[in-house]
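So the chains spell out like this:
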Amino acid sequence: MDHDTESAAGAYPDEPRLALLTAAEARETIEHLRLLERLDPAHGRAAGQLAADLARRLPTP
């Protein structure tokens, strides 16, 4: 029976990786979500909840 010797998770590069979003980009995204919350009654509640969830995850400046 043959077994693979490679990791199931794969190989990752050694160079540093960039964050998915910078803190500034995340704050700008929160501002846009809050604007959507005010402007679009159909999606506003979900946008506001997403903004609040994201804001809780950011470090305080």
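Residues numbered from 1 in each chain as written. Predicted model: local features only at pLDDT ≥ 70, side-chain atom pairs only at ≥ 80, totals over all residues. Heavy atoms only, no water.

Draft legend 1. Molecular detail of helix α2 (residues 44-57). Here α2 spans 20 Å end to end across 14 residues, near enough to the 20 Å set by a 1.5 Å rise per residue. Those residues of α2 that are buried lie in contact with α1 (23-39). (Helix = DSSP H or I, 4+ residues; strand = E, 2+ residues; numbered from the N terminus. Expected span 1.5 Å × (residues − 1). Contact = heavy atoms within 4.5 Å.)

Draft legend 2. Representation of the environment of leucine 36 within the structure. Positionally, leucine 36 belongs in helix α1. In this structure, the C-alpha to C-alpha distance between leucine 36 and alanine 51, residues 15 residues apart in sequence, is 10.0 Å.

Draft legend 3. Representation of the environment of alanine 55. Looking at the element boundaries, alanine 55 is found in helix α2. For alanine 55, a relative accessible area of 29% puts it in the partly exposed group. For the pair alanine 55 and arginine 27, spaced 28 residues apart in sequence, the C-alpha separation works out to 7.5 Å. Setting aside residues no more than four positions away along its own chain, alanine 55 makes contact with Ile30 and Arg34. (Buried < 20%, exposed > 50% of the residue type's maximum accessible area, 1.4 Å probe, protein only.)

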